[in-house]
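Coordinate inspection notes
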Amino acid sequence: MNLEARGIRGGMMSARSAFLEMLARHLPEAAIVTDGDAIAPWLVDWRGRYRGAAAALVEPRTTGQVAAVVRAAAAHRVPLVPQGGNTGMVGGATPSAGGDAVILSLRRLNRIRSVDRQANVAIAEAGVILQLLNDAALGVGRRFPLTLGARGSATIGGLVSTNAGGTQVLRFGTMRGLVAGVEAVMADGTVHDGLAALPKDNRGYNLDQLLIGAEGTLGVVTAAALRLVPAVAARGVAWVGVASPEVALALLRHCQAHTDAVESFEILPAGSLEAVLAHLPGGRAPLGGKHPWHVLIEATAPDDHAERPDALLERLLTDAIGRGLGDDATIAASEAQADAFWRIRDSISDAERARGPATQHDISVPVPAMPRFMVEAAAACEARFAGTHASGFGHLGDGNVHFHVRAPAGVEAERWYAEAAPAVTRFVHDLVTAAGGSISAEHGIGQMKRDELDRLLPPARANAMRAIKAALDPLGIMNPGKLLPLVPDGPVPLAPGAGGK
Ligand code: FAD
């Protein structure tokens, strides 16, 4: 192992070599990667925004091997950066540029240990790719009701650690609701086994829930027990033109008052549809005529006994339009048309990006407040930053939209990102906070939003998070510098007193 080649010197060098020597006693040689070319692809995040350095990449295949890695890291004070599919949006799985950390890749810990059709639970190891879990569940007539664009790469460990969402949160919730138990190696090398998935367990604090959304800062998730639901027998997909986000939310409430079959309810403004149609080869507007806002609805049925979801949507939407909760609607006549509707929704980010530089914010506010927020925050941004165009689209029913602020026409992208965009982001986050919302609805904090979280998190929550970090990772070796501010030696100390911010 050529550590000199990695630029590791002096005391750092000896700690790192002692760590790697200790590891070599517990892991096969192939599991310890120090070749720079082999590590390089894992040093950059999915979007290419963050680039780090690492002394090594280790790839354990068992929970016992993960525990050995963590114990060695604790013994030699080596920071560990857990990594799954590396599809995270906030730089959480990218090591810092210092080069003192080791990437702990969970990709080889990838067995589906069981899929229990009767109990509706699957136990999957951290490195299992979401798509493979979805396929395994379908194989026994069940489904894991979470999917997202990165399903071909994102892993169970990453999804647990970011409390991932997606387009079915409306009906099934985020990972927090879908995880029945977690197995994890804690920062001291002990193994927490929560896979029994007890429906009732009141032994105090819930360690499983603490680890969900912890972004690898408290321990390493090695497996999870995941709730399954019946597979989908049929789906219906509708496109509706509406006058405003208020009407869209009223339409959602109308649907929910009559059925629990609605899984997705996505909103987009006319401008986003126009951007997609200009961007997507062969893209066609689902409805004739102009509508200021559009809604995509998906409903499903688990078996042939239930009303067909397309018939259900037609019945509900006919009634809703009669009550003024929509201007026009169409139901996809085939799976191909349903896919085409979804392709429009899934292409918005790319289409918006093609229109010019923009800051993108993954934010949430209380659901009833979202329609007003979408309109008023967009107007406030455009008034405050001359020449910008602001709009939100996405999961209206979850109170979560992707709020984009596009730069004025003709600006130089890199310059705008460096000089103007941070102020835009702070402005948006201030509006979100004032509305009682969250600056990260789905993607987490990582390194991207760490300073903003530190600026805006209320003291009670900030101090609790710091205390938990200090208690569970006293050496500060678990993904340092992510989620909480970086402190060189050890975890973040408590703020002096709870007042202040
Ligand atoms: P990584 O990116 O490898 O890691 C993410 C974080 O989890 C890091 O902090 C890492 O340190 C930590 N981590 C990873 N594995 C472990 C482990 N075993 N133990 C402890 N910590 C660990 N997200 C959504 O929520 N909803 C979406 O709709 C959505 N759509 C996306 C679409 C695309 C095209 C892309 C590229 C991403 C999307 N994401 C979405 C973001 C991303 O897919 C999720 O955050 C996902 O959960 C990351 O999983 P991963 O395995 O790639 O984790």
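Up top is the structure these notes are about.
So, a few notes on the structure that sits alongside this text. Just so you know, these numbers come straight off a predicted model, no measurement behind them. (Residues numbered from 1 in each chain as written. Predicted model: local features only at pLDDT ≥ 70, side-chain atom pairs only at ≥ 80, totals over all residues. Heavy atoms only, no water.)

Attention shifts here to the environment of Leu-159. Among the secondary structure elements, Leu-159 is positioned in helix H5 (residues 156-161). Taking the C-alpha atoms as reference points, Leu-159 and Thr-300, separated by 141 residues in sequence, lie 24 Å from one another. Look past the residues within four positions of Leu-159 in its chain and what remains in contact with it is Leu-130, Leu-146, Leu-148, Ala-154, Ala-164 and Met-175. (Helix = DSSP H or I, 4+ residues; strand = E, 2+ residues; numbered from the N terminus. Contact = heavy atoms within 4.5 Å.)

Bringing the sheet that holds strand E18 (residues 400-406) into the picture now. Here we have 7 strands laid out as an open sheet, ordered E15-E12-E14-E13-E17-E18-E16, and antiparallel in their pairing. Edge positions in the open sheet fall to strand E15 (328-331) and strand E16 (358-364), since each of these has one partner strand only. Neighbour-to-neighbour, the strand axes of this sheet turn through a mean angle of 15°, independent of strand direction. Taken together, the 7 bridges between strand E17 (residues 389-395) and E18 define a ladder with antiparallel strand orientation. Its bridge partner lying in E18, Gly-392 is registered against Phe-403. Lying over the sheet, helix H12 (residues 335-346) contacts strand E12 (234-242), strand E13 (262-269), strand E14 (293-301), E15, E17 and E18, oriented at roughly 50° with respect to E12. Relative to E18, helix H14 (residues 370-384) is tilted by about 15°, and along the sheet it contacts E13, E14, E16, E17 and E18. (Pairing = 2+ DSSP bridges. Axes fitted to C-alpha atoms, helices over the stretch in contact; angles between N-to-C directions.)

On to the packing of helix H9 (residues 245-258) against H14, then. Contact pair H9 / H14: the axes reach a minimum separation of 8 Å and the direction vectors enclose 160°. Considering their axes alone, H9 and H14 lie roughly antiparallel with respect to each other. Helix-helix and strand crossings are classified by hand; for H9 and H14 the assignment is right-handed. The residues of H14 that touch H9, namely those facing Pro-245, Glu-246 and Leu-249, are Pro-371, Arg-372, Met-374 and Val-375. Looking at the contact of H9 with H14, its residues break down into 5 nonpolar, no polar and 2 charged. (Parallel < 35°, antiparallel > 145°, perpendicular 65-115°, else oblique. Left-handed = near helix turned anticlockwise from the far one by under 90°. Nonpolar A, V, L, I, M, F, W, Y, C, P; charged D, E, K, R; others polar.)

This part covers the pairing of strand E8 (residues 179-186). The buried fraction of E8 is high, at 8 of 8 residues. Bridge count between E8 and strand E10 (residues 219-227): 7 bridges; the pairing is antiparallel. Residue Val-185 lies in a different strand from E10, and its bridge partner there is Val-220. Examined bridge by bridge, E8 and strand E9 (residues 191-193) share 3 bridges and lie antiparallel to one another. Across the sheet, residue Ala-184 finds its bridge partner in E9, namely His-192. Taking the residues between adjacent antiparallel strands as the criterion, E8 and E9 are bridged by 4 residues, where Gly-189 takes a positive phi near 90°. (Buried < 20%, exposed > 50% of the residue type's maximum accessible area, 1.4 Å probe, protein only.)

Here the focus is the site of the ligand. Taken together, 34 residues surround the ligand, and among them Pro-82, Gly-84, Thr-87, Gly-88 and Thr-155 come closest. One of the backbone N or O atoms of Pro-82 is found 2.6 Å from an oxygen atom in the ligand. At 2.8 Å, a side-chain N or O of Thr-162 approaches an oxygen atom of the ligand. For the ligand, whose accessible area on its own is 980 Å², the fraction buried by protein is 92%. Residue assignment for the shell around the ligand shows that the elements contributing at least two residues are strand E3 (80-83), H5 and E10. A total of 4 residues in the shell around the ligand trace back to one element, the largest contributor, which is H5. (Near = heavy atom within 4 Å. Polar contact = N/O pair within 3.5 Å; in protein donor to acceptor, adjacent residues only side chain to side chain. Areas by Shrake-Rupley, 256 points an atom, 1.4 Å probe, with all protein chains shown as cover.)

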